[in-house]
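# Coordinate analysis (summary)
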Amino acid sequence: MHQGTRRWCHSTSRLVTPHTVNVTNKKRSMNYIQNPIISGFNPDPSILRVGDEYYIATSTFEWFPGIQLHHSRDLVNWKLIGHGLTSTTQLPLEGVENSGGIYAPSLTYCDGEFWLAYSIVYACRGETWMSTPAYVVKSKDINGPWSEPYPIGSFGFDPSVFHDADGRKYVVHMIWDGRKHVNNFGGIVVQELDPVSMELVGKPKKVFSGTHLKGTEDRRYFEKMIGITSLSLKVGRVTVMR
């Protein structure tokens, strides 16, 4: 969220459960939440706050409809309110294998619109090759209807969108290198996205090449804080690059 301007943007982050429920025992009172806050099949949560409302988007892999959306007002009680991808044009699953499909979607909000970034993973089982076309859908209402998908590249899975304070937007991708005997996680690439035409602008820029730990993946996002843009990612452990 960027304050000090008229723009109102929220970026996604990994879910960290706070302490809000009061429980009293004989010795002291302590606050905690009973986990899991959302039980069942709800992997890779992308959590978003808009005003006093909280939303979580989760992976659905090869299942249809795609990207489950939950809502809460207290981070304790969550309700499934729908799905982001409800048509075969938004989510063409032909040819998707078991455990393919939607990996770790990214839910953000900016200037009155919700944005869902996602990739559809088509894999060759037993090999390192993957086809990972990525898209964005938008909606002014979390309950939909969501737009038809806008293509945002095909570098790897787990894309996200960064909404800058100056109104510009950038797509952040993990690079998947499908060659054998190499680090398949080839780093992080960033490319500008025109918010009007919804087309990619210029050339992609590789901003991180990975480490010897290899697994550069999971949620990546930018944060504009005190004039510093930082990139957060997971490479076997949490790394922050500025």
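Every residue gets a number counted from 1 within its own chain, in the order that chain's sequence is written. The model is predicted, so local features are restricted to residues of pLDDT at least 70 and side-chain atom pairs to those at 80 or more, both for listing and for counting; the totals for chains, interfaces and linings are taken over all residues. In computing side-chain properties, one takes all heavy atoms of the structure into account and sets aside hydrogens as well as water.

## A closer look at the nonpolar core
Within this scheme, the nonpolar core is defined by two criteria: the residues are buried Ala, Val, Leu, Ile, Met, Phe, Trp, Tyr or Cys, and they are joined through side-chain atoms within 4.5 Å. Working definition: with a 1.4 Å probe on protein chains only, accessible area under 20% of the residue-type maximum means buried, over 50% means exposed, and in between means partly exposed. Judged by nonpolar contacts, the single largest core of 21 residues is most densely connected at Ile67, Leu107, Phe114, Leu116, Tyr118, Ile120 and Trp146. Breaking this core down by element, the ones donating at least two residues are β5 (46–50), β6 (53–58), β7 (66–72), β10 (106–110), β11 (113–123) and β13 (134–139). Helix and strand labels come from DSSP, where a helix needs a run of H or I of at least four residues and a strand needs a run of E of at least two; each type is numbered from the N terminus. Considering each element in turn, this core owes the most residues, five residues, to β11. Contacts were defined at the residue level, with two residues in contact if any of their heavy atoms lie within 4.5 Å. Beyond its immediate sequence surroundings of up to four residues, Ile120 is in contact with Gln90, Leu91, Pro92, Val96, Gly101, Ile102, Ser131, Thr132, Pro133 and Tyr135. Val121, Phe157, Tyr170 and Met174 belong to the second largest nonpolar core, which has 13 residues in total.

## Some words on the packing of aromatic side chains
By convention, a stacked pair of Phe, Tyr or Trp rings (six-membered ring in the case of Trp) has centres within 6.5 Å and planes under 30 degrees apart, an edge-to-face pair has planes over 60 apart, and any other such pair is tilted. Taken as a whole, this structure holds eight aromatic pairs when the rule is applied. When the ring of Tyr55 is compared with that of Phe114, the centres are 5.4 Å apart and the planes differ by 80 degrees; the resulting orientation is edge-to-face. Placement of the pair is Tyr55 in strand β6 and Phe114 in strand β11, with a sequence separation of 59 residues. Owing to a relative accessible area of 5%, Phe114 belongs among the buried residues under this scheme. These aromatic residues form a ring-pair network of at least three members: Phe41, Phe61, Tyr103, Phe157 and Trp176.

## Re the sheet that holds strand β15 (residues 160–163)
Within the open sheet, the four strands sit side by side as β15-β16-β17-β18. Their pairing is antiparallel. Across the chains shown, the open sheet's two edge strands, defined by having one partner strand only, are β15 and β18 (200–208). Strand-to-strand twist across the sheet, computed as the mean angle between neighbouring axes with direction ignored, equals 30 degrees. By the convention used here, strands pair only if DSSP detects at least 2 bridges between them. Direction of pairing for strand β16 (residues 169–176) relative to strand β17 (residues 185–193): antiparallel, over a ladder of seven bridges. Looking at β17, one finds that Tyr170 is bridged to Glu192. Working convention: axes come from line fits to C-alpha atoms, limited for helices to the stretch in contact. Angles between N-to-C directions cover 0 to 180 degrees.

## Focus: the pairing of β16
Counting buried positions along β16 gives eight out of eight residues, so the element sits mostly inside the fold. Side chains Lys169, Val171, His173 and Ile175 of β16 all project onto a buried face; the interleaved residues Tyr170, Val172, Met174 and Trp176 project onto the opposite face, where all are buried too. A loop of five residues connects β15 with β16, the two strands running antiparallel in sequence, and Gly167 in this loop sits at a positive phi of about 95 degrees.

## Thoughts on the side chain of Thr60
Here Thr60 shows up in the loop between β6 and β7. Assessed through its relative accessible area of 4%, Thr60 is described here as buried. In protein, a polar contact requires one atom able to donate a hydrogen and another able to accept it; more generally it is a pair of N or O atoms within 3.5 Å, and residues adjacent in sequence count only if both atoms are side-chain atoms. Polar contacts involving the side chain of Thr60 include one to the main-chain amide nitrogen of Ile67, which spans 2.9 Å. Once residues lying within four places of it in the same chain are set aside, the contact partners of Thr60 are Phe41, Pro65, Gly66, Ile67, Gln68 and Ile102.

## Here's the deal with the pattern of salt bridges
The salt bridge criterion pairs a side-chain nitrogen of Lys or Arg with a carboxyl oxygen of Asp or Glu, the two atoms within 4 Å. Summed over the entire model, instances satisfying the criterion amount to four salt bridges. Across the pair Asp52 and Arg49 runs a salt bridge whose closest N-O atoms are separated by 3.8 Å. Among the residues examined, Arg49 registers a relative accessible area of 44% and is labelled partly exposed. Taking the shortest distance from any N to any O, the salt bridge between Arg168 and Glu192 comes out at 2.8 Å. Here Arg168, found in the loop between β15 and β16, pairs with Glu192, found in strand β17; they are 24 residues apart in sequence, far enough to count as distant.

## Points about the environment of Val161
By the secondary structure assignment, Val161 is in strand β15. When near neighbours in sequence (up to four residues on either side) are disregarded, Val161 contacts Ser106, Thr108, Trp115, Ala117, Val136, Lys169 and Tyr170.

## Comments concerning unusual backbone geometry
The peptide bond linking Phe64 to Pro65 adopts the cis configuration, its omega dihedral lying at -5 degrees. With respect to the helices, strands and loops of the structure, Pro65 is situated in the loop between β6 and β7. Following Gly144, the chain continues to Pro145 via a peptide bond in cis, the omega torsion being 5 degrees. Note that Pro145 resides in the loop between β13 and β14 (150–151).

## A look at the confidence of the model for the chain
Scored between 0 and 100, pLDDT is the confidence that the predictor attaches to each residue. The predicted model of the chain has a mean per-residue pLDDT of 80, with 72% of residues at 70 or higher. Considering only residues more than four positions removed or in separate chains, one finds that residues 14–26, a stretch of pLDDT under 50, has 33 contacts. In the model, residues 218–228 has pLDDT below 50 throughout and makes 44 contacts with residues more than four positions away in sequence or in other chains.

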